[in-house]
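The primary structure of each chain is shown beneath.
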Amino acid sequence: MRQLIAANWKMNKAGKEAIQFIDEFKKLIKNIKYAEIVICPSFTALNEIKKSIINSKIKLGAQNMHFENSGAFTGEASPLMLKDVGCEYVILGHSERREFFTEDDELINKKVIAALNNGLCPILCVGENLEQRKNNKTKEVVEQQLRICLKNIDKKQMTKINIAYEPVWAISRGDPNHKAATPEDAEEGHKLIRNFLEKMFDSATAKNTRVIYGGSMKPENAKELLSMPNIDGGLVGNASLDAKSFAEIVKSAKLN
Ligand code: PGA
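This is a predicted model, so every value here is computed, not measured.

1. Quick notes on empty space enclosed by the protein
According to the stated counting rule, one finds one cavity of 30 Å³ or more in the structure shown. As a volume, the largest cavity reaches approximately 100 Å³. In terms of lining residues, the largest cavity is bounded by 15 residues, among which Lys10, Ile171, Gly215, Ser216 and Gly237 are the most central. A class-by-class count of the residues in the lining of the largest cavity yields five nonpolar, eight polar and two charged.

In structure tokens form, the structure reads like this:
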């Protein structure tokens, strides 16, 4: 499978800046073969970016969505709206949504189902925080997140889902010097996820589901992380804000 390299711009880059990025980035990735590339900008930049990526290798994703198709939900965007603007992907259950906007696994499960029902591919984020890791709770926490977030999902639907293992302690929160997980630690998390998918579904599903890594991935460590057997791509925050550094990461992708 092709590795998935997705940019999570978080609350950064307004329209003009976003378009400048795309113009520069498109030139840098002309000969890319192995990566599937997704950019997830803010809601307000989606429309402009969609226009600027026509005839390119870049796909569009959103960073969040509501689970209802329409209704009285002030401030929210629905799956239908994301489809309408040209999104193919949507990040769901990011740790910043869980922490700052109190999203829990049950809510995230509704969003995963709504995304699938509307033809959007979820990038479902799971991962333990530092305290949970220190208390040896990683396995328990990640398995619980998967169990609930993927409730009532069948094997066929799993072919549309990407899992992002994002250990919360490795996420940069904008600090370029923040330390990523070591490739070995990341691989261990990915293996744990794959083993659990095998238990929850079957071995083919576990093998064919893309499990991507997020948390301070940057040009300096991307190659090593992406060469681990169970790492099928990256969800990149801070280092995706610069066209050159994101292109470097994309170039580190390979066929898994
Ligand atoms: P980071 O963010 O690359 O800046 O650590 C990743 C993420 O939060 O998805």
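What follows picks up the thread again.
2. Thoughts on the layout of surface pockets
Of the pockets and cavities examined, the largest pocket occupies roughly 560 Å³. Lining the largest pocket are 21 residues, with Lys10, Met11, Gln63, Arg97 and Phe101 sitting closest to its centre. The dominant element in the lining of the largest pocket, judged by the number of residues it contributes, is helix H4 (residues 95–100), at three residues. A per-class count over the lining of the largest pocket returns nine nonpolar, eight polar and four charged. Considered as a void within the structure, the second largest pocket measures approximately 200 Å³ in volume. Lining of the second largest pocket is provided by 14 residues; of these, Ser95, Arg98, Gly127, Gln145 and Val168 occupy positions nearest its centre.

3. Things to note about the site of the ligand
Around the ligand, the neighbouring residues are Asn8, Lys10, His94, Glu166, Ile171, Ser172, Gly215, Ser216, Leu235, Val236, Gly237 and Asn238. Within the side chain of Lys10, one N or O atom sits 2.7 Å away from an oxygen atom of the ligand. Taking Ser172, its side chain carries an N or O atom lying 2.5 Å from an oxygen atom of the ligand. Protein burial of the ligand: of its 280 Å² of free accessible surface, 99% is covered by the chains.

4. Notes on the sheet that holds strand S4 (residues 89–92)
Spatial ordering of the closed barrel is given by S1-S2-S3-S4-S5-S6-S7-S8, a layout of eight strands whose pairing is parallel. Going across the sheet, the axis of each strand differs from the next one's by a mean of 25°, ignoring polarity. Most of the contacts of helix H7 (residues 138–149) go to strand S5 (residues 121–126), to which it runs at about 150°, and overall it touches S5 and strand S6 (162–165).

The rules we used
- Residues numbered from 1 in each chain as written.
- Predicted model: local features only at pLDDT ≥ 70, side-chain atom pairs only at ≥ 80, totals over all residues.
- Heavy atoms only, no water.
- 1 Å grid on protein atoms, 1.4 Å probe; cavity = no way out; pocket = protein on both sides within 12 Å on 5 of 7 lines; lining within 4 Å.
- Points joined across faces, edges and corners; volume = space filled by probe spheres on them.
- Nonpolar A, V, L, I, M, F, W, Y, C, P; charged D, E, K, R; others polar.
- Helix = DSSP H or I, 4+ residues; strand = E, 2+ residues; numbered from the N terminus.
- Near = heavy atom within 4 Å.
- Polar contact = N/O pair within 3.5 Å; in protein donor to acceptor, adjacent residues only side chain to side chain.
- Areas by Shrake-Rupley, 256 points an atom, 1.4 Å probe, with all protein chains shown as cover.
- Pairing = 2+ DSSP bridges.
- Axes fitted to C-alpha atoms, helices over the stretch in contact; angles between N-to-C directions.
- Contact = heavy atoms within 4.5 Å.

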